[in-house]
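Understanding the architecture of this molecule
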Amino acid sequence: MDAAIKKMLPAAYMDKPVTDRPTQEEAEAAVLTLLRWAGDDPTREGLIDTPRRVVKAYREMFEGYDKCPAEELGRTFEEVAGYDDMVVMRDISFHSHCEHHMVPIIGKAHVGYLPDGKVVGLSKLIRVVEIFAHRLQTQEAMTAQIANVIQDVLNPRGVAVVIEANHMCIEMRGIRKQGSVTTTATFTGAFRDNPEEQVRFMTMIKSGTITG
Ligand SMILES: Nc1nc2c(ncn2[C@@H]2O[C@H](COP(=O)(O)OP(=O)(O)OP(=O)(O)O)[C@@H](O)[C@H]2O)c(=O)[nH]1
Ligand SMILES: [Zn+2]
């Protein structure tokens, strides 16, 4: 990452995790303990390779700790024929894991910003959502993190992020309530200060699909 950008960023955007990772063997031993905790026999044929698979799956599902969201937003361009209105990407589907129970949060993020001269590649908005989703999360934190990194790095006139999600810790265990949807929103800049901009954003994320 550009050293000047890095200096400006809060520690939350650092490109490498602060965690002191255990060895692969230690991680596999932990999974084996959980298999026994579940009540099964980790030595039976079907479970022999499970610790290895689970540890591998964890590296994939939590790869967001090894990636820097700010870095994804570093490349911008200005040649957009004077376009200076809202850019909105809606229905960015994601899978995350709740930090309380480590079970899935499944949802959609809607991300918009009001450019101030420069825009960012559309795929980068998805990459930022993916990086934060691939860490342990609360929905509130994830919403704020996405909005704040776009605001801090791109410096647009405003950022709007709305997330709608189902929490498996609510559906599969505990209260066991199916189908409830949690919505969270973070607005910065013009979206925070001007309710009309918020309404325009909300209207844009509710419009029909282009594929009918
Ligand atoms: N605010 C917020 N809460 C969440 C999120 N994901 C899970 N939770 C909640 O976190 C809370 C944790 O509550 P605790 O009482 O500490 O844990 P618990 O005994 O497992 O709670 P129950 O789920 O009620 O059984 C629960 O109410 C969950 O529904 C999230 O993204 N945001
Ligand atoms: Zn949970």
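Residues numbered from 1 in each chain as written. Chains lettered and ligands numbered in written order. Predicted model: local features only at pLDDT ≥ 70, side-chain atom pairs only at ≥ 80, totals over all residues. Heavy atoms only, no water.

Quick look at the UniProt feature "binding site: Zn(2+)" (unreviewed entry) in the protein chain now. In the numbering used here, UniProt assigns the "binding site: Zn(2+)" (unreviewed entry) feature to Cys98, His101 and Cys169. Of the residues just listed, which span 72 residues, no C-alpha pair is farther apart than 7.7 Å, and they cluster in one region. Here His101 lies in the loop between strand E2 (87–98) and strand E3 (104–114). Contact partners of His101, with chain neighbours within four places excluded, come to Cys169 and Arg173. Along the chain, Cys169 falls in helix H7 (residues 168–171). Classification of Cys169 as buried rests on a relative accessible area of 11%. Not counting residues up to four positions away in its chain, the partners in contact with Cys169 are Cys98, His101, Val103 and Pro104. (UniProt positions renumbered as here; feature names shortened; annotations may be inferred. Helix = DSSP H or I, 4+ residues; strand = E, 2+ residues; numbered from the N terminus. Contact = heavy atoms within 4.5 Å. Buried < 20%, exposed > 50% of the residue type's maximum accessible area, 1.4 Å probe, protein only.)

One finds Phe94, Ile146 and Ile150 to be the most contacted residues of the largest nonpolar core, which totals 33 residues. Counting residues per element, this core draws most heavily on helix H6 (residues 139–154), which supplies 7 residues. Dropping the residues within four chain positions of it, Ile146 is found in contact with Val111, Val128, Val129, Phe132, Val161 and Ile163. (Core = buried A, V, L, I, M, F, W, Y, C linked by side-chain atoms within 4.5 Å.)

It is worth spelling out the packing of aromatic side chains at this point. Summed over the entire model, instances satisfying the criterion amount to 3 aromatic pairs. Summarising the aromatic geometry, the rings of Phe187 and Phe201 are spaced 6.4 Å apart at their centres and angled 85° between planes, so their arrangement reads as edge-to-face. Of the two residues, Phe187 sits in strand E7 (residues 182–187) while Phe201 sits in helix H9 (residues 195–206), which places them 14 residues apart along the sequence. Under the relative-accessibility criterion, Phe201 is labelled buried at 0%. Taken together, a centroid distance of 5.9 Å and an interplanar angle of 70° make the contact between Phe191 and Phe201 edge-to-face. Taken together, the residues Phe191 in helix H8 (residues 189–193) and Phe201 in helix H9 connect sequence positions 10 residues apart. Of the two residues, Phe191 and Phe201, neither departs from the other in class, the shared state being buried. Cluster of aromatic residues (ring-pair linked, three or more members): Phe187, Phe191 and Phe201. (Phe/Tyr/Trp six-rings, centres within 6.5 Å; stacked < 30°, edge-to-face > 60°.)

This next bit is on the packing of helix H5 (residues 122–133) against H6. Between H5 and H6, the least distance of the axes is 10 Å, while the angle of their chain directions is 140°. Taken together, the axes of H5 and H6 are oblique relative to one another. Two packed elements cross with a definite hand, and for H5 against H6 that hand is right-handed. Contacts between H5 and H6 involve Leu125, Val128, Val129, Phe132 and Ala133 from the former and Met142, Gln145, Ile146, Val149 and Ile150 from the latter. For the contact of H5 with H6, a count of residues per class yields 9 nonpolar, 1 polar and no charged. (Axes fitted to C-alpha atoms, helices over the stretch in contact; angles between N-to-C directions. Parallel < 35°, antiparallel > 145°, perpendicular 65-115°, else oblique. Left-handed = near helix turned anticlockwise from the far one by under 90°. Nonpolar A, V, L, I, M, F, W, Y, C, P; charged D, E, K, R; others polar.)

Next up on the list: the pairing of E3. When you tally the buried positions in E3, you get 8 out of 11 residues, the bulk of the element. Taking the residues between adjacent antiparallel strands as the criterion, E2 and E3 are bridged by 5 residues, where Met102 takes a positive phi near 60°. Here E3 pairs with strand E6 (residues 158–167) via 10 bridges, running antiparallel. Across the sheet, residue Gly112 finds its bridge partner in E6, namely Ala160. (Pairing = 2+ DSSP bridges.)

So, about the side chain of Thr186. Residue placement: Thr186 occurs in strand E7. By relative accessible area, Thr186 is classed as buried at 18%. If near-sequence neighbours (up to four positions away) are discounted, Thr186 is found in contact with Thr143, Ala144, Ala147, Val159, Ala160 and Val161.

This brings us to the confidence of the model for the protein chain. Taken as a whole, the protein chain shows an average pLDDT of 92; of its residues, 89% reach a score of 70 or greater. The ipTM assigned to the predicted complex is 0.91, against a pTM of 0.91. (pLDDT = per-residue confidence, 0-100.)

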